[in-house]
Amino acid sequence: KPLNDAWRYRDWVVDAINRDLPINEFIRLQIAGDLTGDPTHAIATGFFALGPTYQADGGDPDSVARSHAETLDDRVDVLTRGILGITVSCARCHDHKFDPIPQQDYYSLAGVFNNSSSRDLPVPAQDVEKRLEEHQLAVAELRKKIRNLRKLSKREREAAGDNKSGMELTPEQKEQLDQWTADLEHLEKNTPPAHATAHTLYDAGANDMKVALRGNLLTTGEVAPRRFLRIIAGPSPPLFSTGSGRDELAATVVDTHNPLTYRVFVNRVWQHHFGVGLVKTPSNF
C-alpha cells in the first residue's frame, strides 16, 4: 500500500540533526522509539517500518513463508549492514562463509523483528487539526452560499409574479452555482484525516524463532534465543526477554562497549563529506 506519511520520518531525522540529538539516542529511537511511550519518538521507527514488506503472490504456505522471510531479512540487513557494518544476512541459510557468524545468530536477531509489526500510529499534530478545521469551515461556507443563491433566485421570481415550479437562474447565477457545487463536491471527497499518522513499528509478540534450515521457515531446527551477536557480545550474551526484545537490542547496539556502531556512523559521515570513507566499504567492516 502507499506510504503517504513517509515524510514524517524524513522530517524527524532532519529535526533530530538540527536539535543535535546525541548519536546514541538518534540510533536507539530508530530501533525502539515506539517503546518509550512518546508517540513522537515512535516516528523514528520509520527507519524499519518504511522498508519493504513483502506480500505473498498466493495464499499457499510456501508463498507466505517466503514473503515473510524476505521481510525479516530486510530488517536484519538494515540493522546489521546499516548500523553495524557487518553482513549478517549471509547467515540466513547457512553459517557465514567468511565471518564467525553462525546461522543461529541470524535468527536470534530475526526473532526480534518476527515479534515486531508495522502500523499507522496516530500522532499529535496541530497542523492536521488546523487543516481539518479550515476544511470544515470552507464546506460550511460553500453550502451557505449555495443555499443563499437558491433562496435569492426564488425571491426574485416571486417578486416578479412567476409562480412556476423550479428555479430560474440568470446565466451568471447558474455559472456561479455550478462552480460552487463543483468546489463543494471536491471538498467533500477530499476531507483531510482527523488525525495525523506515522508509519511505525510496535511489539506484537515475545517468542523466540527456530533456525530456518536452508532459509526455509517451514523447515525448522533448533531454537535461536533472542540475543545480540556473539561475535560482538561474547559467547554468552544476555537473553532479550522484554516484549519483542527491540528495547534491549537498541540498548546493546548503542552500548559504548560495542566497537562497531559509532565507528560505522563516523565512517558514513566521513564518506558523505569527502566522497570516500576511512573504510571504503561502509556497509561491510
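Residues numbered from 1 in each chain as written. Predicted model: local features only at pLDDT ≥ 70, side-chain atom pairs only at ≥ 80, totals over all residues. Heavy atoms only, no water.

Another aspect to go through is the overall build of the chain. Broken down by element type, the chain carries eleven helices and four strands. The C-alpha atoms of the chain give 28 Å as radius of gyration, which overshoots the globular expectation for 285 residues (19 Å, by more than 25%). With respect to the principal axes defined by its C-alpha atoms, the chain has extents near 100 × 50 × 35 Å. Residues classed as buried in the chain amount to 38% of the 285 residues present. Counting only carbon and sulfur atoms, one obtains 53% of the accessible surface of the chain, whose full area is about 16,400 Å². The chain carries 34 positive and 39 negative side-chain charges, and their two centres are separated by 2 Å. (Helix = DSSP H or I, 4+ residues; strand = E, 2+ residues; numbered from the N terminus. Rg over C-alpha atoms; globule rule 2.2 N^0.38 Å. Buried < 20%, exposed > 50% of the residue type's maximum accessible area, 1.4 Å probe, protein only. Areas by Shrake-Rupley, 256 points an atom, 1.4 Å probe, with all protein chains shown as cover. Lys, Arg positive; Asp, Glu negative; His and termini not counted. Charge placed at Lys NZ, Arg CZ, Asp CG, Glu CD.)

Now for the side chain of Gln 173. Mapped onto the fold, Gln 173 is located in helix H8 (residues 171-189). Filtering out sequence-adjacent residues up to four positions away, Gln 173 remains in contact with Leu 149, Leu 152 and Glu 156. (Contact = heavy atoms within 4.5 Å.)

The next point concerns the nonpolar core. Ranked by internal contacts, the top residues of the largest apolar core, which has 46 residues, are Trp 12, Ile 31, Leu 79, Leu 84, Tyr 107, Leu 249 and Val 253. Broken down by element, the residue count for this core peaks at six residues, all from helix H6 (residues 103-114). Contact partners of Val 253, with chain neighbours within four places excluded, come to Ile 27, Ile 31, Leu 79, Ile 83, Leu 84, Phe 228, Asn 258 and Thr 261. Core analysis: the next-biggest nonpolar cluster, separate from the first, contains eight residues, Leu 142, Ile 146, Leu 184 and Leu 187 among them. (Core = buried A, V, L, I, M, F, W, Y, C linked by side-chain atoms within 4.5 Å.)

We now examine a positive patch on the surface. Taken together, Lys 144, Arg 147, Lys 151 and Arg 155 make up a surface patch of like positive charges. Looking at the element boundaries, Arg 155 is found in helix H7 (residues 126-159). (Patch = residues over 30% accessible without salt bridge, like charges linked within 9 Å, V, L, I, M, F, W, Y side chains within 5 Å. Salt bridge = Lys/Arg side-chain N within 4 Å of Asp/Glu carboxyl O.)

Right, let's get into empty space enclosed by the protein. Across all of its chains, the model carries two cavities of 30 Å³ or more by this definition. By volume, the largest cavity is sized at about 40 Å³. When residues in the lining of the largest cavity are grouped by element, the largest group, three residues, is from H6. For the lining of the largest cavity, the residue count by class is six nonpolar, one polar and one charged. Reported here for the second largest cavity is a volume of approximately 30 Å³. As for the second largest cavity, its lining consists of Asp 5, Ala 6, Arg 8, Tyr 9, Ile 43, Gly 46, Leu 50, Ala 198 and His 199. Counting residues per element, the lining of the second largest cavity draws most heavily on helix H1 (residues 6-18), at three residues. Partitioned by chemical class, the residues of the lining of the second largest cavity number five nonpolar, two polar and two charged. (1 Å grid on protein atoms, 1.4 Å probe; cavity = no way out; pocket = protein on both sides within 12 Å on 5 of 7 lines; lining within 4 Å. Points joined across faces, edges and corners; volume = space filled by probe spheres on them. Nonpolar A, V, L, I, M, F, W, Y, C, P; charged D, E, K, R; others polar.)

Geometric values such as these leave the question of function open.
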